[in-house]
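Each chain is listed here by its residues.
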Amino acid sequence: MTISPYRTAPLIATIGFGAMARSLARSLRGSASGLRIAGCLLPPDSFSQIEPDMLRWKKVDELVAACPDLVVECATHAAVRDILPQVLEAGIDVIIISAGALGDENTTARLEEAAQRGGARARIAPGAIGGLDVLRAARIAGLDRVVYTGRKPPAAWKGSLAEHLVALNSLEGPTVIYEGSAAEAARDYPKNTNVSAAVSLAGVGFARTTVRLIADPGITENIHEIDAEGAFGRFTTRIANHALPDNPRTSWLAALSVEQEILRHFSNLEL
């Protein structure tokens, strides 16, 4: 893949600068693409988190005024809901990481309307899962069933609703902490279900996608599985990901998928 040569490097900004954005910034800086994270939208009390040479914006109006070439959301469902519509309406393309926010139909509608008014485009990073291209293709002929199963070590579920349902520190075997629709999973586990949201968007939607979330003390990786069936036949995939060192809830492949979306955005040829 060849990146278009720029006399001046494109201005790429992130919303948020947590473990995902930090990993993305380090990886781009070490790559041969010439692309860099140039600035970040953050509350002023969080400016110390970002690198000294990065631009800093404390309000979305300031970010929009800087006219970035691309904005990468690395924050929360609230950022997707409350910030991205203004960015899209200003004609700025975005990449969405917190795909679970799109489980809310009102949020999705606002983003689509804002993108249409601004002539901008929003892309959803696939995250730590593969096979979404298969789901999108199979959906054309009709999908009867899509099941997503997410398995993570107990530590990856800390800070979530699972802490109130099971004793994460003393589990002796795999334990199902949630089973139901992707819509309810996105609501109850917003920091852990971006993969199931991406599967839902590629396949049969949030209401019809079945999600199983499992805390497993016998694993050290984040494991994502898809099982789908339809007119095309049957499709099964399983990916075992190493977690980001700074955040056990997030798979390293999720950060890499965002970097790949950035490379695709600035590429002359897409695969």
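These numbers come from a predicted model, not from an experiment.

Looking at the UniProt feature "active site" (unreviewed entry) in the protein
Phase 1 of the analysis: UniProt marks His224 with the feature "active site" (unreviewed entry), using the numbering shown here.
Phase 2 of the analysis: Here histidine 224 falls in the buried class, since its relative accessible area comes to 2%.
Phase 3 of the analysis: Filtering out sequence-adjacent residues up to four positions away, histidine 224 remains in contact with Ala128, Ile129, Tyr148, Thr149, Lys152, Val195, Thr237, Arg238, Ile239, Asn241 and Ser251.
Phase 4 of the analysis: Among the polar contacts made by the side chain of histidine 224, one reaches the side chain of tyrosine 148 at a distance of 2.6 Å.

Quick word on the pattern of salt bridges
Phase 1 of the analysis: One pass over the structure, following the stated rule, counts 11 salt bridges.
Phase 2 of the analysis: The salt bridge partner of glutamate 89 is arginine 117, with a shortest N-O separation of 3.0 Å. With glutamate 89 in helix α4 (residues 84-89) and arginine 117 in helix α5 (residues 105-118), this pair connects stretches of sequence that are 28 residues apart.
Phase 3 of the analysis: Judged by its relative accessible area of 41%, glutamate 89 is partly exposed.
Phase 4 of the analysis: Its salt-bridge partner being aspartate 227, residue arginine 234 comes within 2.8 Å of it at the nearest N-O pair.
Phase 5 of the analysis: Judged by relative accessible area, arginine 234 falls into the exposed class, the value being 56%.
Phase 6 of the analysis: For aspartate 227, a relative accessible area of 16% gives the class buried.

Overview of the confidence of the model for the protein
Phase 1 of the analysis: Per-residue confidence for the protein gives a mean pLDDT of 91, with 96% of residues at or over 70.
Phase 2 of the analysis: Between residues 1-7, whose pLDDT stays under 50, and residues either more than four places distant or in other chains, the model counts 15 contacts.

Quick look at the pairing of strand β7 (residues 143-152)
Phase 1 of the analysis: When you tally the buried positions in β7, you get seven out of 10 residues, the bulk of the element.
Phase 2 of the analysis: Here eight bridges tie β7 to strand β10 (residues 222-230), and the two strands are oriented antiparallel to one another. For arginine 151, the partnering residue across the bridge sits in β10 and is isoleucine 223.
Phase 3 of the analysis: Examined bridge by bridge, β7 and strand β9 (residues 210-215) share six bridges and lie parallel to one another.

Description of the packing of aromatic side chains
Phase 1 of the analysis: Evaluated as defined, the whole model comprises two aromatic pairs.
Phase 2 of the analysis: Aromatic ring contacts, followed pair by pair, group Trp157, Tyr178 and Tyr189 into a single cluster.
Phase 3 of the analysis: Cation over ring: lysine 152 sits above tryptophan 157, and NZ or CZ is 5.4 Å from the ring centre.

Some thoughts on the sheet that holds β10
Phase 1 of the analysis: The strand order β8-β9-β7-β10-β11 describes an open sheet built from five strands, whose pairing is mixed. A single partner strand is all that each edge strand has here, and the edge strands are β8 (175-181) and β11 (233-241). Put simply, the sheet's adjacent strands are angled 10° from each other on average, direction ignored.
Phase 2 of the analysis: Strands β7, β10 and β11 of the sheet are contacted by helix α6 (residues 132-141), whose axis makes an angle of about 160° with β7.

Points about the packing of α6 against helix α8 (residues 194-202)
Phase 1 of the analysis: Following both chains from N to C, one finds α6 and α8 inclined at 30°, their axes separated by 8 Å at the closest point. Viewed along their axes, α6 and α8 adopt a mutual orientation that is roughly parallel. Between α6 and α8, the residues in contact are Leu132, Leu135, Arg136 and Arg139 and Ala198, Val199, Leu201 and Ala202, respectively.

Focus on the state of the cysteines
Phase 1 of the analysis: On inspection of all chains with the given rule, the structure shows zero disulfides.
Phase 2 of the analysis: Take cysteine 40: it sits in no disulfide, and the sulfur closest to it among the cysteines is that of cysteine 74, at 8.0 Å.
Phase 3 of the analysis: Given a relative accessible area of 0%, cysteine 40 falls into the buried group.

A few points about the sheet that holds strand β5 (residues 94-96)
Two modes of strand pairing occur in sheets, parallel and antiparallel, and in both the strands are linked by backbone hydrogen bonds.
Phase 1 of the analysis: The strand order β3-β2-β1-β4-β5-β6 describes an open sheet built from six strands, whose pairing is parallel. Of all the strands in the sheet, the pair left with one neighbour each is β3 (55-57) and β6 (122-124). Direction aside, the axes of adjacent strands within the sheet are offset by 25° on average.
Phase 2 of the analysis: Summarising the sheet, strand β1 (residues 12-15) and strand β4 (residues 70-73) pair through four bridges and their orientation is parallel. The partner of alanine 13 across the bridge, within β4, is valine 71.
Phase 3 of the analysis: Against the sheet, helix α9 (residues 252-265) touches β1, β4, β5 and β6, its axis set at about 165° to β4.

Calculation rules
Residues numbered from 1 in each chain as written. Predicted model: local features only at pLDDT ≥ 70, side-chain atom pairs only at ≥ 80, totals over all residues. Heavy atoms only, no water. UniProt positions renumbered as here; feature names shortened; annotations may be inferred. Buried < 20%, exposed > 50% of the residue type's maximum accessible area, 1.4 Å probe, protein only. Contact = heavy atoms within 4.5 Å. Polar contact = N/O pair within 3.5 Å; in protein donor to acceptor, adjacent residues only side chain to side chain. Salt bridge = Lys/Arg side-chain N within 4 Å of Asp/Glu carboxyl O. Helix = DSSP H or I, 4+ residues; strand = E, 2+ residues; numbered from the N terminus. pLDDT = per-residue confidence, 0-100. Pairing = 2+ DSSP bridges. Phe/Tyr/Trp six-rings, centres within 6.5 Å; stacked < 30°, edge-to-face > 60°. Lys NZ or Arg CZ within 6 Å of the ring centre and 35° of its normal. Axes fitted to C-alpha atoms, helices over the stretch in contact; angles between N-to-C directions. Parallel < 35°, antiparallel > 145°, perpendicular 65-115°, else oblique. Disulfide = S-S within 2.5 Å.

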